[in-house]
Amino acid sequence: MATPLIAGNWKMHMTINQAASLVLKIRDAIKGVHDVEVVVAPPFTALHHINYLLAETPIQLCGQDVFWEKNGAYTGELSPEMLKDVGCHYVIIGHSERRQHFHETDENVNKKLLASLKEGLKPILCVGESLEQRESGKAISIIRKQVAEGLKNVSHGHMKDVVVAYEPIWAIGTGKTAKPEQAEDIHNGIRELLYDMFNLEAVKETRLIYGGSVKANNIDDIMAQPNIDGVLVGGASLSAEEFARIVRFEKT
Ligand code: PGA
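As the structure is a prediction and not an experimental result, all values here were calculated from the model. (Residues numbered from 1 in each chain as written. Predicted model: local features only at pLDDT ≥ 70, side-chain atom pairs only at ≥ 80, totals over all residues. Heavy atoms only, no water.)

Asks: Tell me about the sheet that holds strand β1 (residues 5-9), and name the residues and values.
Replies: The parallel closed barrel is built from eight strands, whose spatial order is β1-β2-β3-β4-β5-β6-β7-β8. When strand polarity is set aside, the average angle formed by the axes of neighbouring strands in this sheet is 25 degrees. Sheet topology places strand β2 (residues 37-41) next to strand β3 (residues 60-63); two bridges connect them, and they run parallel. Bridge assignment links Val39 to a residue of β3, and that residue is Gln60. Against the sheet, helix α2 (residues 44-53) touches β3 and β4 (88-93), its axis set at about 165 degrees to β3. The strands touched by helix α8 (residues 180-197) are β5 (122-127), β6 (163-166) and β7 (207-211); relative to β7, the strand with the most contacts, the crossing angle is about 150 degrees. (Pairing = 2+ DSSP bridges. Helix = DSSP H or I, 4+ residues; strand = E, 2+ residues; numbered from the N terminus. Axes fitted to C-alpha atoms, helices over the stretch in contact; angles between N-to-C directions. Contact = heavy atoms within 4.5 Å.)

Asks: Please set out helix α1 (residues 16-29) residue by residue, giving values where relevant.
Replies: Helix length check: α1 (14 residues) gives 20 Å between terminal C-alpha atoms against 20 Å at 1.5 Å per residue, within 8%. Along α1, the positions that sit buried rather than exposed are Ala19, Ala20, Leu22, Val23 and Ile26. Along α1, the residues classed as buried sweep out an arc of 170 degrees about the axis, all on the same side. Facing away from the buried side of α1 by over 90 degrees, the exposed positions are Asn17 and Lys25. Of the surrounding elements, those touching the buried residues of α1 are β2, α2 and α11 (240-247). (Expected span 1.5 Å × (residues − 1). Buried < 20%, exposed > 50% of the residue type's maximum accessible area, 1.4 Å probe, protein only. Arc of directions from axis to C-beta.)

Asks: Go over the pattern of salt bridges, please, and point to the residues and values.
Replies: Taken as a whole and judged by the stated rule, the model has 18 salt bridges. Glu104 is paired through a salt bridge with Lys112; the nearest N and O atoms lie 2.5 Å apart. Accessibility assignment for this pair places Glu104 and Lys112 in one class, buried. A salt bridge links Asp229 to Arg191, with the shortest nitrogen-to-oxygen separation between them at 3.0 Å. Remark: Arg191 occurs in helix α8 and Asp229 occurs in the loop between α10 (219-223) and β8 (230-233); sequence separation between them is 38 residues. Residue classification places Arg191 among the buried residues on the basis of a relative accessible area of 9%. A single network of salt bridges, built from pairs that share partners, joins Asp65, Arg98, Glu104 and Lys112. (Salt bridge = Lys/Arg side-chain N within 4 Å of Asp/Glu carboxyl O.)

Asks: Before we move on, could you go through unusual backbone geometry and cite the residues and values that matter?
Replies: Phi is positive for Lys11, close to 50 degrees, though the residue is something other than glycine. By the secondary structure assignment, Lys11 is in the loop between β1 and α1. One non-glycine residue with positive phi stands out, namely His103, at about 55 degrees. Inspection of the secondary structure assignment puts His103 in the loop between α4 (96-101) and α5 (106-119).

Asks: Outline the layout of surface pockets, supporting the account with residue identities and numerical values.
Replies: Size it by volume and the largest pocket reaches roughly 510 Å³. The wall of the largest pocket is formed by 17 residues, among which Met12, Gln64, Asp65, Arg98 and Phe102 lie closest to the centre. Here the lining of the largest pocket takes three residues from α4, the largest share from any one element. Broken down by class, the residue content of the lining of the largest pocket amounts to seven nonpolar, five polar and five charged. Taken as a whole, the second largest pocket spans an internal volume of roughly 240 Å³. The residue inventory of the lining of the second largest pocket, partitioned by class, reads six nonpolar, three polar and five charged. (1 Å grid on protein atoms, 1.4 Å probe; cavity = no way out; pocket = protein on both sides within 12 Å on 5 of 7 lines; lining within 4 Å. Points joined across faces, edges and corners; volume = space filled by probe spheres on them. Nonpolar A, V, L, I, M, F, W, Y, C, P; charged D, E, K, R; others polar.)

Now the structure itself:
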């Protein structure tokens, strides 16, 4: 089984000083934890300083977004190479907040993902349905479309570096978590699609993680599901104590 991945998405929170203090507390609180990959995604402004602070630790850095071009006249954007340069190993792509507020399409998401893989950055591809889509029974078809289009033209050899994060929009920042069985159900659907798109060998290490109101008090039930290989944590990753408890989930 692939190593579980616990990622904290700090979104648009934290000045450089606040970010430094949080990451040092997280570092101390997760000392001695093995067999779990821990990733944090601070805002871009704090990446350089946090990279320096994390130098001797196993915690890895992640960007919250990226642009697909290598360089050029794209005011405000950052390339995969720039994220690598500042110490990132991972990058979140297609988060529902970017799809919603910045009109990202599956096509944009796919370009970002391919450009990141080319540069050696591991993409965390976010997919998820709205409440309306879930209630009208369309959840799985929406997610299959997002995954299929997001992973278009990805080579078999790159799939071990791809993470897919299932984040139902109605569960993000709302305190409503998908029932672990609901998440497991969607993860099974994604896994089947990956088997259709790629060969078994290519996707056996592809991790499927869950996001949406993950907290210290529900992590154990979520991680007990066989097809959930980790979590993407928003709000709860801003507290070192809470995030550390999530990293130290009970293994069943
Ligand atoms: P949340 O956010 O944990 O605050 O619900 C999750 C996410 O957006 O990745």
